Amino acid sequence: MRLSFITPTALWLLLVLVPLWVLAFVTPHRRATAGLWLSLLIRTTLIAALILALGGARIVRDTSALTTVFLLDRSESIAPEARGRAEAFVRQALGAMPTGDRAAVVTFGANALVERPADEQQAFDGVTTTPLAAGTNIQEAMQLGLSLLPAETNKRMVLLSDGGQNAGDAATAARLASAHGVPLSYVDIGLPSSAAEAAVSDLHAPTSVRTGQSLQLTVTVESTVAERAHLRVLGDNQVISEQDVALQPGSNRFAVSAQAGAAGIRRYRAEIVPQGDTRAENNAAEALVRVDGPPRVLLVIGTPGAGLNFRQALGAANVQVDRVVPADLKADLNALSVYDAVVLIDVPAQALPPQAMTTLPAYVHDLGKGLVMVGGNQSFGLGGYAKTPIEQALPVYMDAPTLKQRPNIALVFVLDKSSSASGCHCRGPDRKHDGYFDHDNPFNLDVAKQAVKQSVAVLDPRDEVSVVTFDEVATMAFAPQRGPTPDQVMSAIAPIKPIGRTNIFAGLALAQQTLNQSQAAVKHIILFTDGLGPGGDTIGQAQQFAQQGITLSVVGEGFGAVDYLTQLAHAGNGRYIQVQNTTTDVPQIFLQETQSVSSKFSVEQAFTPAYGAASPILSGLEQGLPPLYGYNGTTPKQTATVALLDADGSPVLAQWQYGLGRTIAWTSDLQSHWARDWVSWPEFPRFAAQLLGWVLPNVSGSGLQADLQPQGQRTQIAVTALDAAGQPRTGLDMRAVLLNPDGTQREVALAAEAPGVYRGSMPSPPPGSYSIQIVGAQAGQVVAQDSVALVVPYSPEYRIGQANPALLDQLARATGGAPLAQPADAFARLDQHVGAAQEIALPLLLLALILLPIDIAVRRLIVVRRLRAASRPAAGRRLQPR
């Protein structure tokens with residue numbers, strides 16, 4: 001037993017006792033009474049008790065109790081039978097745990113989870129937690145284990161693993177454990193070195209070839225033993241080579257020749273079937289090869305037949321053309337990367353998959369591809385592209401300030417505030433659960449409020465805005481006002497909370513009453529609701545709107561009343577838009593609806609486009625152009641090139657560089673409505689070919705040769721840069737940009753290693769196929785670029801040689817631990833001089849409180865005695881005769 005302090009620096013205050021005692025000794029006393037020394041002793045004890053309490057005095061009693069934390073490796077590199085052995089070890093150790101000891105269990109893979117906290121129970125029913133198994137992070141497991149160890153017992157950690165670390169730094173955690181005096185013991189549960197195991201560690205292929213060119217594939221197979229195996233290589237799921245091979249321990253390489261097929265991305269796969277094996281997951285590897293051929297273009301057609309003339313013209317120019325409707329567009333970058341350009345022909349923004357709004361700009365900016373937008377009644381501003389990422393990629397803005405003044409608008413937002421509007425956006429297809437309430441996510445009504453605020457921001461100051469909310473009854477949440485600010489509208493509607501039942505009829509009736517009092521030339525209602533409710537004949541109500549010149553669009557959340565809401569929108573001469581994900585879709589839909597009735601419009605008049613800035617698109621077409629009969633109003637961006645324009649300067653053909661790629665805006669259409677004389681013009685095929693040719697990436701002569709090698713947790717990148725004469729290009733600012741399927745990216749700089757050779761590495765992404773853009777710049781200008789494919793194989797957990805028993809021994813030695821032979825050794829006694837502390841600050845304070853009145857009483861008694869003693873001589877002197 002010993003005394004310790006929480007704040008030992010407070011003990012310096014004990015020095016105040018020194019002058020107290022010094023003063024007591026140096027002060028002259030005619031007679032040192034016992035009471036004086038008693039008072040000094042009491043006062044000293046009182047002050048000492050207060051100071052010791054202030055320092056957090058504790059009595060520490062030594063303990064032999066031990067807490068052991070078991071760290072169970074549950075990563076993919078641990079075989080099922082090894083997992084069983086580890087659980088059995090923990091179960092036996094707990095069965096032998098002495099009374100008073102405690103045990104905790106942590107499971108880990110790429111992350112760490114608490115299976116059970118430290119307690120004295122001896123029962124262990126097995127593992128129930130499921131950490132991420134695609135990696136091994138011993139550091140996180142050790143740090144979590146240290147946090148579970150109580151301060152009042154001896155401490156030990158036991159690691160049951162193969163040591164195959166591929167994330168984190170266990171050595172850092174070992175230094176932390178050593179600093180806290182916690183030893184780490186271990187049990188090696190890896191596969192025995194004699195186990196038969198084979199794995200395809202790499203399939204190497206050139207990053208790009210030409211159509212019809214032969215290519216060499218190199219298959220690397222790792223094996224732990226000498227054995228026979230069957231090797232098969234496939235190209236786009238077709239077998240191109242099969243052979244029986246003899247594997248030797250270590251690395252085995254096999255060369256296979258293949259013929260490049262048609263242009264596009266070709267996928268090659270190598271598979272091994274060994275005689276003896278413990279894992280099937282590592283028996284295959286893949287590689288992607290880009291085969292360059294004639295340009296390949298994707299036409300996205302918004303109106304049936306809209307792209308026919310353009311497609312025929314491109315076909316005559318030897319361009320491979322694929323067509324899709326907007327709903328069938330595959331909007332991930334890997335799918336788009338097989339095309340050199342995408343052409344949107346009269347496509348409304350809401351018809352595109354939501355992901356396309358971000359992936360199409362990334363397709364141009366990061367992959368160096370081309371994008372063309374062709375006008376029509378559903379394109380540009382009319383199609384709802386204002387304030388979208390696609391507008392950022394185009395050379396024009398969707399508004400048209402130079403056009404003649406448009407009519408003013410009265411817009412009413414009608415929001416469902418019934419109790420069902422408290423549903424959160426997690427009720428969509430990506431929902432976490434089906435409940436109405438989720439405090440971590442906004443209500444549907446809250447999302448709609450934000451959408452209203454964003455929509456008001458794009459209106460003209462001359463436009464009139466009002467907001468109606470409804471449950472059983474309708475309320476004017478924001479009275480009609482011309483040109484309100486978004487904050488004014490938001491402050492009025494922000495306090496509204498979802499409650500009550502749904503009465504759509506009441507909400508629409510109040511909106512109708514509001515619009516009937518308006519003098520605006522254009523009147524529109526945007527209704528946000530999730531379905532049916534009591535009330536009147538809303539379909540007849542919407543038909544009445546149409547007769548009064550009021551249009552109605554419906555934004556539907558949920559899927560319970562799709563048919564009814566569709567009928568309602570059609571009756572009101574508007575659109576029905578189904579929400580897939582409330583948080584992401586509703587603001588975009590409200591914006592598109594607002595923009596479709598605001599200042600974004602088209603001009604329909606006969607005119608002959610005037611030549612603007614020089615452009616390769618019009619090369620050879622300077623002798624005169626046919627007339628057009630309409631176009632979408634837009635505004636050119638500052639750095640855009642306007643090749644053709646109307647008399648008032650509005651763009652008809654605009655182009656610009658966007659990142660690594662190019663985009664074009666053709667604001668007229670390409671069919672018989674506005675461009676009927678153009679599509680029948682003899683030079684139209686030439687115009688179409690040159691228009692598309694300007695946005696196509698230059699795949700030849702890039703001068704870059706990239707080699708990608710995934711190696712465990714990192715991917716090595718080597719790029720060779722050559723000029724047109726085949727000489728190394730030096731002094732380039734070289735970088736590689738990894739593009740994820742969701743449009744996000746990761747960039748890494750490549751350092752010059754030798755003349756024309758640049759190398760670098762980046763953390764390997766999860767297993768899958770990725771596109772990497774290689775960009776070389778000089779003086780801030782891109783001078784060379786290329787796009788290559790990266791295939792990340794199976795998790796490094798499945799690699800041969802993943803086990804690392806040397807790491808286990810290193811961690812044990814660094815912390816003072818050792819390998820464990822028997823389960824009971826997990827609770828072998830440790831003497832870490834740990835004790836259970838009991839604070840005595842409160843008793844010391846009570847002692848001080850008790851001594852305080854005693855000290856006062858003793859001092860008063862001393863004073864009284866001194867007064868009495870002093871009075872006796874004085875009285876005697878008065879009684880003496882004179």
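Residues numbered from 1 in each chain as written. Predicted model: local features only at pLDDT ≥ 70, side-chain atom pairs only at ≥ 80, totals over all residues. Heavy atoms only, no water.

A. Looking closely at the packing of aromatic side chains. For the coordinates displayed, the defined rule picks out eight aromatic pairs. Members of the aromatic cluster, connected to one another through ring pairs, are Trp666, Trp678, Trp681, Phe684 and Phe687. Over the aromatic face of Tyr397 sits the side chain of Lys637, whose NZ or CZ is 5.2 Å from the ring centroid. For the cation-ring pair, Arg676 lies above Tyr629, with the distance from its terminal atom to the ring centre recorded as 3.7 Å. (Phe/Tyr/Trp six-rings, centres within 6.5 Å; stacked < 30°, edge-to-face > 60°. Lys NZ or Arg CZ within 6 Å of the ring centre and 35° of its normal.)

B. Geometry of helix 5 (residues 170–179). Within helix 5, the full set of buried residues consists of Ala170, Ala173, Ala174 and Ala177. With its buried residues spanning 105° around the axis, helix 5 presents them on a single face. More than 90 degrees from the buried face of helix 5, the exposed residues found are Arg175 and Ala179. In this structure, the buried side of helix 5 is in contact with helix 4 (138–148), strand 6 (154–161) and helix 18 (805–815). By the N-cap criterion, in which a side-chain oxygen at the helix start approaches the backbone nitrogen of a residue two or three places on, helix 5 is capped by Asp169, the distance to Ala171 being 3.2 Å. Following helix 5 by one or two positions, Gly181 has its phi on the positive side, about 70°. (Buried < 20%, exposed > 50% of the residue type's maximum accessible area, 1.4 Å probe, protein only. Helix = DSSP H or I, 4+ residues; strand = E, 2+ residues; numbered from the N terminus. Arc of directions from axis to C-beta. Contact = heavy atoms within 4.5 Å. Polar contact = N/O pair within 3.5 Å; in protein donor to acceptor, adjacent residues only side chain to side chain.)

C. Here's a closer look at the pattern of salt bridges. With the rule as written, the count across this model stands at 16 salt bridges. Taking the shortest distance from any N to any O, the salt bridge between Lys417 and Asp471 comes out at 2.6 Å. One end of the pair, Lys417, is in the loop between strand 21 (409–416) and helix 10 (444–456); the other, Asp471, is in the loop between strand 22 (464–470) and strand 23 (474–482), and 54 residues separate them in sequence. The two residues Lys417 and Asp471 agree in class, both being buried. Between Lys453 and Asp487 there is a salt bridge, and its shortest N-O distance comes to 3.5 Å. Residue Lys453 is located in helix 10, and its partner Asp487 is located in helix 11 (residues 486–493); the two are separated by 34 residues in the primary sequence. Exposure remark for Asp487: the relative accessible area of 53% places this residue in the exposed category. Each of Arg232, Arg267, Arg269, Glu271 and Glu286 takes part in salt bridges that share partners, so that together they form one network. (Salt bridge = Lys/Arg side-chain N within 4 Å of Asp/Glu carboxyl O.)

D. Broad picture of the pairing of strand 7 (residues 184–188). For strand 7, the tally of buried residues reaches four of five residues, placing the bulk of the element in the interior. With five bridges joining them, strand 6 and strand 7 adopt parallel strand pairing. Residue pairing in the sheet places Leu159 in a bridge with Tyr186 of strand 7. For the crossover from strand 6 across helix 5 to strand 7, the handedness is right-handed. (Pairing = 2+ DSSP bridges. Right-handed = clockwise from strand over helix to strand, strands pointing away.)

E. View of the environment of Val233. Its location among the elements puts Val233 in strand 11 (residues 227–235). Considering only alpha carbons, one finds Val233 and Ala284, 51 residues apart in sequence, at a separation of 9.5 Å. Apart from residues no more than four positions distant in its own chain, Val233 is found in contact with Leu217, Val219, Gln238, Val239, Ile240, Ser241, Val256, Arg269 and Ala270.

F. Layout of the nonpolar core. One finds Phe310, Val343, Leu653, Trp666, Trp678, Phe684 and Phe687 to be the most contacted residues of the largest nonpolar core, which totals 39 residues. Among the elements that take part in this core, helix 17 (residues 684–695) stands out by supplying seven residues, more than any other. Once residues lying within four places of it in the same chain are set aside, the contact partners of Phe687 are Ile617, Leu618, Leu621, Leu653, Trp666, Trp678 and Trp681. Core analysis: the next-biggest nonpolar cluster, separate from the first, contains 37 residues, Val300, Leu329, Ala362 and Ala393 among them. (Core = buried A, V, L, I, M, F, W, Y, C linked by side-chain atoms within 4.5 Å.)

G. Main features of the sheet that holds strand 18 (residues 341–345). The strand order across the open sheet formed by eight strands is 17-16-18-19-33-32-31-28, and the pairing between neighbours is mixed. The sheet is open, and its two borders are formed by strand 17 (320–324) and strand 28 (610–611), each paired with just one other strand. Helix 17 rests against strand 16 (296–301), strand 18, strand 19 (370–374), strand 32 (651–658) and strand 33 (661–666) of the sheet, and its axis sits at about 145° to strand 33. (Axes fitted to C-alpha atoms, helices over the stretch in contact; angles between N-to-C directions.)

H. Geometry of the sheet that holds strand 22. The six strands are arranged 23-22-21-24-25-26 in an open sheet whose pairing can be described as mixed. Looking along the sheet, the strands with just one partner apiece sit at the ends: strand 23 and strand 26 (576–578). Here the average twist between neighbouring strands, direction ignored, is 15°. Those strands touched by helix 14 (residues 562–571) are strand 24 (522–529), strand 25 (550–556) and strand 26, and its axis lies near 160° from that of strand 25.

I. Layout of the packing of helix 10 against helix 11. The geometry of helix 10 relative to helix 11 is characterised by a closest axis approach of 8 Å and an angle of 160° between their N-to-C directions. Judged by the angle between their axes, helix 10 and helix 11 are roughly antiparallel. At the point where helix 10 passes helix 11, the crossing takes the right-handed sense. Contact residues: Lys449, Gln450, Val452, Lys453 and Val456 in helix 10; Pro486, Asp487, Val489, Met490 and Ile493 in helix 11. Per-class residue counts for the contact of helix 10 with helix 11 are six nonpolar, one polar and three charged. (Parallel < 35°, antiparallel > 145°, perpendicular 65-115°, else oblique. Left-handed = near helix turned anticlockwise from the far one by under 90°. Nonpolar A, V, L, I, M, F, W, Y, C, P; charged D, E, K, R; others polar.)

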